[in-house]
Amino acid sequence: MPITLQQLNQATLTEAAQMLDGLYEHSPWIAEQALAQRPFASLAALKHAMVTVLAQASTDAQLALIRAHPELAGKAMVSRSLTAESTNEQTQAGLTHCTPEEFAHIQQLNAQYNAKFGFPFILAVRGPRGTGLTKREIIATFERRLGHPVDFERAECLRHIHRIAEIRLNDKFGFEPVTGNSVWDWHEDLARHSDPGFAEQGQLTVTYLTDAHRACAADIAARMRECGFDEVHIDAVGNVVGRYHGSTADAPALLTGSHYDTVRNGGKYDGRLGIFVPMACVQRLHAAGRRLPLGIEVVGFAEEEGQRYKATFLGSGALTGHFNPSWLDQKDADGVTMRQAMQHAGLPGTLEAIGTLQRDPSRYLGFVEVHIEQGPVLNEMDLPLGVVTSINASVRYLCEAVGMASHAGTTPMNRRRDAASAVAELAIYAEQRASADGDSVATIGMLQVPGGSINVVPGRCAFSLDLRAPSNAQRDALERDILAELRAICERRGIGLKTEETMRAAAAPSAPEWQARWERAVSALGVPLHRMPSGAGHDAMKLHEVMPQAMLFVRGLNSGISHNPLESSTSDDIELSVNAFSNLLEQLATEHTH
């Protein structure tokens, strides 16, 4: 029989400790100390209590816990001396049925890992969905983590130990994150669509209005209908719009959503989480036959990443009336204009049609967006959710330095006009300048020598600049200094310079009353409240220009990495984000009932 939270809260300390036996390998002290914090309001609260106990333990105690774990496919498995929990996990992952070659490879990795770190490799082999990683995924993770610094890897092992304990705790309580599992599966399913050249390599790339992009839109629209939305359509820029009506015809609406396009070789959760989480909430309401005194409008924005065209936030910009007419004549790398791409996709491709998409802010309560964090903060703090205080200001440039291509062997060093060296000098300055400024960042993410050769001094260098800071003033100062240094470098080196600003976004502080709603929604789940800024730009920045907005972050795995195939989240954390969104809806319903 599964344990209940009420039983755990009411049991004696000895009985309660017995209920939680086996969560942490041969280390009952973690659960025992956590029980001092009873009563627990939720399973999430109990999980975090144990996280806190381990975080406050000494390094020696943490290492002892790590060393209490058996090696994957190690001697304990062969001799069948694993704990029942570990036997179950390693069997589910197929590690008890390795081929001789796989077994030998894992043994070699174990030896390398132990030699470097001095403790066994810990991996939650049941994975982010709880259903088990494949042997291929396990071996790939093993190989990747061998490159980590020692202190970082020790912390990563502890994070995996908490994930192992979380899944074991779910088993004890008979809890399954049913909605989180569904939403996790939706992400995996949508990721089957990818642009040519990437799909063949198993990489996820979905850029504006390609066949893969249009297939994603059709899938999202079909999923919205399955969830019970009353109206679903794809608009004139390719946004997927679903509406779930309120209890009265004149009910105001909550606007929410995020983007479904991706960067090249990106992750499955960036943007898409913010579409699927509110869809899951609508699915719950529809299944219960409930209408709220407000409508819910979920938008899957067609374009946010600026990958195919230099038109970042195109999807959300169309809703705020900020679609730039010149975008229609932009050409992609194959010479296809945006207008042609729209017409090929069956969209009108006219400013008149796009103009009709602008929303009347008076009909909306505000805009909220759920997003994977895209950074390491929540992951390192072992927190599932974070409430966003503000989105940083940003500006982007595409630039080209133009020098003189010449023979690498015969051109003396003091006679060169090396375009690439000029940009390299700027990169060092930008790094130093941003580092000296609290929370500012500067990145040269693209750096190319067109037609370059190994024996030719670079005559041209194309590069990008991405500058971000917590406030508009900080961003402007960073931009001013870096561009001034760039001009000075080029002048000193005899280099010509072209710069084109491709995007500028103001800082977007969260509306206080909306941030407070997210805070109440998170606190109601029994997890600690953490407030944080967003260094990344989001569609919420555009909606901020016309209505109040606030965001919720969800913890990512693998140090919160994003814009990378390793981007992921657990179905447990996704479940919590759906519950938080449902809590926010209930708050709004209560406010608009009275």
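For the structure, see preceding data.
Given the structure is predicted, the values throughout are model-derived calculations rather than measurements. (Residues numbered from 1 in each chain as written. Predicted model: local features only at pLDDT ≥ 70, side-chain atom pairs only at ≥ 80, totals over all residues. Heavy atoms only, no water.)

Novice: Whenever I open this one, the side chain of Asn392 confuses me. Can you help?
Specialist: Relative to the helices and strands, Asn392 resides in the loop between strand E6 (385-391) and strand E7 (393-402). Exposure remark for Asn392: the relative accessible area of 8% places this residue in the buried category. Setting aside residues no more than four positions away along its own chain, Asn392 makes contact with Asp439, Ala469, Pro470, Ala506, Ala507, Pro533, Ser534, Gly535 and Met541. (Helix = DSSP H or I, 4+ residues; strand = E, 2+ residues; numbered from the N terminus. Buried < 20%, exposed > 50% of the residue type's maximum accessible area, 1.4 Å probe, protein only. Contact = heavy atoms within 4.5 Å.)

Novice: Which parts of the structure should I look at to understand empty space enclosed by the protein?
Specialist: On inspection of all chains with the given rule, the structure shows one cavity of 30 Å³ or more. The calculated volume of the largest cavity comes to roughly 130 Å³. Lining the largest cavity we find 12 residues, and of these Leu72, Glu89, Gln90, Leu123 and Ile164 sit closest to its centre. Elements that contribute at least two residues to the lining of the largest cavity include exactly helix H7 (84-92) and helix H10 (150-173). Tallying contributions element by element places H7 first for the lining of the largest cavity, with three residues. In terms of residue class, the lining of the largest cavity is made up of seven nonpolar, three polar and two charged. (1 Å grid on protein atoms, 1.4 Å probe; cavity = no way out; pocket = protein on both sides within 12 Å on 5 of 7 lines; lining within 4 Å. Points joined across faces, edges and corners; volume = space filled by probe spheres on them. Nonpolar A, V, L, I, M, F, W, Y, C, P; charged D, E, K, R; others polar.)

Novice: I'm lost on the state of the cysteines in this one. Help?
Specialist: Two cysteines form a disulfide when their sulfur atoms are joined by a covalent bond. In the structure shown here, the tally under the stated rule is zero disulfides. The structure places no disulfide on Cys227, whose sulfur is separated from the nearest cysteine sulfur, that of Cys281, by 10 Å. We classify Cys281 as buried; its relative accessible area is 2%. (Disulfide = S-S within 2.5 Å.)

Novice: Can you walk me through the environment of Pro196 in this structure?
Specialist: Along the chain, the position of Pro196 falls in the loop between helix H11 (178-190) and helix H12 (211-227). A relative accessible area of 67% means that Pro196 is categorised as exposed. As a C-alpha pair, Pro196 and Thr210 span 14 residues in sequence and 9.2 Å in three-dimensional space.

Novice: Would you take a moment to explain the nonpolar core for this structure?
Specialist: A general feature of soluble globular proteins is that nonpolar side chains tend to end up buried together. In terms of nonpolar packing, the biggest core is built from 79 residues, with Met279, Met338, Met342 and Trp518 touching the most fellow members. In this structure Met279 touches Trp186, Ile220, Arg223, Met224, Cys227, Phe229 and Val298, once residues within four positions along its chain are discounted. Core analysis: the next-biggest nonpolar cluster, separate from the first, contains 49 residues, Leu35, Leu43, Met50 and Leu109 among them. (Core = buried A, V, L, I, M, F, W, Y, C linked by side-chain atoms within 4.5 Å.)

Novice: Even after reading the chapter, I still don't get the packing of aromatic side chains, so can you show me in this structure?
Specialist: For any pair of aromatic rings, the description consists of the separation of the ring centres together with the inter-plane angle of the planes. Using the criterion set out here, one finds 10 aromatic pairs in the structure. The interplanar angle of 75° and the centroid separation of 5.3 Å between the aromatic rings of Tyr113 and Phe121 together place this pair among those described as edge-to-face. Pair check on accessibility: Tyr113 and Phe121 agree, each one buried. Every member of this aromatic cluster is reached through a ring pair, and the members are Tyr113, Phe117, Phe119, Phe121 and Phe142. In this structure, Arg159 is placed above the aromatic ring of Phe152, and the distance from its NZ or CZ to the ring centre is 5.5 Å. The ring of Tyr244 has Arg291 lying over it, and the distance from NZ or CZ to the ring centre is 4.3 Å. (Phe/Tyr/Trp six-rings, centres within 6.5 Å; stacked < 30°, edge-to-face > 60°. Lys NZ or Arg CZ within 6 Å of the ring centre and 35° of its normal.)

Novice: Which parts of the structure should I look at to understand helix H18 (residues 419-435)?
Specialist: Every α-helical turn comprises 3.6 residues, leaving residues that sit three or four positions apart pointing alike. If you check H18, its first and last C-alpha atoms are 25 Å apart, about what 17 residues at 1.5 Å a residue would give, namely 24 Å. Within H18, burial applies to Ala419, Ala420, Ala422, Val423, Leu426, Ala430, Arg433 and Ala434. Viewed along the axis of H18, the buried residues span an arc of 145°, placing them on a single side of the element. Opposite the buried face of H18, by more than 90 degrees, sit the exposed residues Glu431, Gln432 and Ser435. The elements touched by buried residues of H18 are E7, strand E9 (441-443), strand E10 (447-448), strand E12 (460-469) and helix H19 (472-493). One side-chain oxygen at the N-terminal end of H18 lies 3.0 Å from the backbone nitrogen of Ala420; it belongs to Asp418. (Expected span 1.5 Å × (residues − 1). Arc of directions from axis to C-beta. Polar contact = N/O pair within 3.5 Å; in protein donor to acceptor, adjacent residues only side chain to side chain.)

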